[in-house]
There are 2 protein chains.
Amino acid sequence: MDKSILEKIKFNSEGLVPVITQSYYTGKVLMQAYANKEAIKKTIETGYATYYSRSRKSLWVKGETSGNKQKVVKIKVDCDEDSILYLVKDYGVACHTGEESCFYRDINLRKAEKPDAYEIFHALYEKLLQRKIEKPEGSYVAKLFEKGSDKIIQKVGEEAVETVIALKNKDKNEIIYEVSDLIFHLIVALIDADIKLEDIQEELLKRYK
Amino acid sequence: MDKSILEKIKFNSEGLVPVITQSYYTGKVLMQAYANKEAIKKTIETGYATYYSRSRKSLWVKGETSGNKQKVVKIKVDCDEDSILYLVKDYGVACHTGEESCFYRDINLRKAEKPDAYEIFHALYEKLLQRKIEKPEGSYVAKLFEKGSDKIIQKVGEEAVETVIALKNKDKNEIIYEVSDLIFHLIVALIDADIKLEDIQEELLKRYK
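The rules behind the values
- Residues numbered from 1 in each chain as written.
- Chains lettered and ligands numbered in written order.
- Predicted model: local features only at pLDDT ≥ 70, side-chain atom pairs only at ≥ 80, totals over all residues.
- Heavy atoms only, no water.
- Pairing = 2+ DSSP bridges.
- Helix = DSSP H or I, 4+ residues; strand = E, 2+ residues; numbered from the N terminus.
- Least-squares fit on C-alpha atoms with pLDDT ≥ 70 in both.
- Salt bridge = Lys/Arg side-chain N within 4 Å of Asp/Glu carboxyl O.
- Buried < 20%, exposed > 50% of the residue type's maximum accessible area, 1.4 Å probe, protein only.
- Contact = heavy atoms within 4.5 Å.
- Buried area = accessible area lost by both parts, 1.4 Å probe.
- Polar contact = N/O pair within 3.5 Å; in protein donor to acceptor, adjacent residues only side chain to side chain.
- Nonpolar A, V, L, I, M, F, W, Y, C, P; charged D, E, K, R; others polar.
- Phe/Tyr/Trp six-rings, centres within 6.5 Å; stacked < 30°, edge-to-face > 60°.
- Lys NZ or Arg CZ within 6 Å of the ring centre and 35° of its normal.
- Disulfide = S-S within 2.5 Å.
- Axes fitted to C-alpha atoms, helices over the stretch in contact; angles between N-to-C directions.
- Parallel < 35°, antiparallel > 145°, perpendicular 65-115°, else oblique.

A. Inspection of the sheet that holds strand β7 (residues 105-106) of chain B at higher detail. With respect to topology, 5 strands assemble into an open sheet ordered β2(A)-β1(A)-β6(A)-β5(A)-β7(B), the strand pairing being mixed. At either end of the open sheet lies a strand with only one pairing partner, and these are β2 (29-35) of chain A together with β7 of chain B.

B. Quick peek at the pairing of strand β3 (residues 50-53) of chain B. Residues and elements named next belong to chain B. By the bridge criterion, 4 bridges tie β3 to strand β4 (residues 58-61) in an arrangement that is antiparallel. Residue pairing in the sheet places T50 in a bridge with V61 of β4. Hairpin connection from β3 to β4: 4 residues lie between these consecutive antiparallel strands, with K57 at a positive phi of about 50 degrees.

C. Layout of the relation of the copies chain B and chain A. Mapping chain B onto chain A calls for a screw motion: a turn of 180 degrees about the axis and a shift of 0.0 Å along it, with 0.0 Å RMSD after fitting. Both copies of the chain, as the preceding transformation shows, are related through a two-fold rotation axis. It is G27 of chain B whose C-alpha, among those of chain B, lies nearest the rotation axis, at 2.6 Å.

D. A look at the pattern of salt bridges. Enumeration over the complete set of coordinates arrives at 32 salt bridges over all chains. Residues K155 of chain A and E159 of chain A are paired through a salt bridge, measuring 3.3 Å at the closest nitrogen-oxygen approach. Of this pair, K155 of chain A and E159 of chain A are both found in helix α4 (residues 149-169), 4 residues apart, which corresponds to roughly one turn of the helix. Classification of K155 of chain A as buried rests on a relative accessible area of 14%. The shortest N-O distance in the salt bridge between D181 of chain A and R207 of chain B comes to 2.3 Å. Remark: R207 of chain B occurs in the segment after α6 (197-206) and D181 of chain A occurs in helix α5 (residues 172-192); the pair is interchain, linking two chains. Grouping residues by exposure puts D181 of chain A and R207 of chain B together as buried. What you see here is one network of salt bridges that share partners, running through D181 of chain A together with E203, K206 and R207 of chain B.

E. Highlighting the interface of chain B and chain A. Chain B puts 93 residues into the contact, and the matching count from chain A is 92 residues. Taken together, the two surfaces of chain B and chain A that pack against each other cover about 8400 Å², and 68% of this comes from carbon and sulfur. Inspection of the region where chain B meets chain A yields 14 salt bridges. For K168 of chain B, the salt bridge identified is with D150 of chain A, shortest N-O distance 2.8 Å. Seen at the junction of chain B and chain A, the total is 42 residue pairs in polar contact (both at pLDDT 80 or more). Considering each element in turn, the side of chain B that touches chain A owes the most residues, 13 residues, to helix α5 (residues 172-192) of chain B. Its residues placed into classes, the side of chain B that touches chain A shows 53 nonpolar, 14 polar and 26 charged. Here strand β5 (residues 71-77) of chain A runs beside β7 of chain B; their pairing, made up of 2 bridges, is antiparallel. Each bridged residue has a counterpart across the sheet, and for K76 of chain A the counterpart in β7 of chain B is D106 of chain B.

F. View of the packing of aromatic side chains. Evaluated as defined, the whole model comprises 7 aromatic pairs over all chains. Relative to Y25 of chain B, the ring of Y24 of chain B lies with its centre 5.0 Å away and its plane at 75 degrees, an arrangement referred to as edge-to-face. Look at Y24 of chain B and you get buried, because its relative accessible area is 8%. Taking the centre distance of 5.2 Å and the plane angle of 45 degrees together, the rings of Y51 of chain B and W60 of chain B count as tilted. Every member of this aromatic cluster is reached through a ring pair, and the members are Y51, W60 and Y86 of chain A. A cation over an aromatic ring shows up here: K69 of chain B above the ring of Y48 of chain B, its NZ or CZ 4.8 Å from the ring centre.

G. Inspection of the state of the cysteines at higher detail. As enumerated under the stated definition, the model contains 0 disulfides over all chains in all. Take C102 of chain A: it sits in no disulfide, and the sulfur closest to it among the cysteines is that of C79 of chain B, at 3.7 Å.

H. Summary view of the pairing of strand β1 (residues 17-23) of chain A. All names here are of chain A. Taken across its 7 residues, β1 has 7 buried, putting it largely inside the fold. Here β1 shows no split at all, with V17, V19, T21 and S23 on one side and P18, I20 and Q22 on the other all buried. When β1 meets β2, the two strands line up antiparallel, connected through 6 bridges. Residue pairing across strands places Q22 opposite V29, the latter belonging to β2. Pairing geometry for β1 and strand β6 (residues 84-89), over 5 bridges, is parallel. Paired with T21 across the two strands is Y86, which belongs to β6.

I. Examining the packing of helix α2 (residues 120-134) of chain B against α6 of chain B more closely. All names here are of chain B. It is the contact of α2 with α6, at a shortest axis distance of 11 Å, that shows an interaxial angle of 150 degrees. One element, α2, and the other, α6, form an angle in the roughly antiparallel class. Between α2 and α6, the contacting residues are F121, H122 and Y125 on the first element and L197, E198 and Q201 on the second. In terms of residue class, the contact of α2 with α6 is built from 3 nonpolar, 2 polar and 1 charged.

Printed below as a string of structure tokens:
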């Protein structure tokens, strides 16, 4: 990239801009930190998220100590060029507490029990994968995985037929219910086939023209 | 909420914290601004995103002039309580340029041509809806909408059967291709039935335990 563009960014009186770090595949906002011009330059050159630590007063390559480096897919700039967005992948966890995101609590400082709506597909994938591994007693999904691929594929077919019937009935609630059921079982099938949701997202991106 | 929690937030020397504003359903980061204690209090009380304008030196209810108010679904706090996240819905556009998000350009100040991976399902929904409305010549999707609901439902059934066959073949590339095809046509069917992706997300959230 043309580094002269860095000249356009409006750094504050301390020479910093706020940086928002977001997961490229799930959309999760992972952290908010600061960067100076050097940090952005280094991020571009190395492909890994680099910040400026205000407490240590030095450049800070995220994950250099913890191993949780953030591979930068894209950098975005806001309309008045005084805020930056890093879109990252393969980041492990971003928070020093061990949480994936630093924003793991609501305004009442309570940990969220449910994912936010935008991340439900990925959250469900992770949850169902956990069911497969941990096999909790009485879990429908754990039982489905135990019955094996043929049973899972059969369920995909069943839910698809139920979706077709719901669509023919033109009943909105029924359609919402059945499409959700189908997506739920498609996720089970993807896990069973060892395919990531990211692969589907990349394939759909190709079809976006 | 317990307002004493506001006492825990670490405002900077100007009495401000950075606020990240994110779409609750799509995950899109819409803008980054600042809030003082009053702004956060007002956001909690009214349910609409309120900021502190550093240029006007006053509280700023986003959209009070433009009409693009941001309904706040959740407020989150980061691990060291010096950064805030507003999750919003029904926000129209967030940027004064008319763009949905202030972060509509990459670091080279070029407008993005493709959505980011995390937002592909919603972006595809919007794109296919646009095809339905604008009916561009030669568009496969526009033609599909013209042929009507039965043809669309038939395609969902077809793609589901192809997905079942791909799953049985245990061919990863084939599965990725066919599942993507199925999701693509499920989105067409949802548009045809006048159902939003948000409805599916809410239904899946109910199943997340």
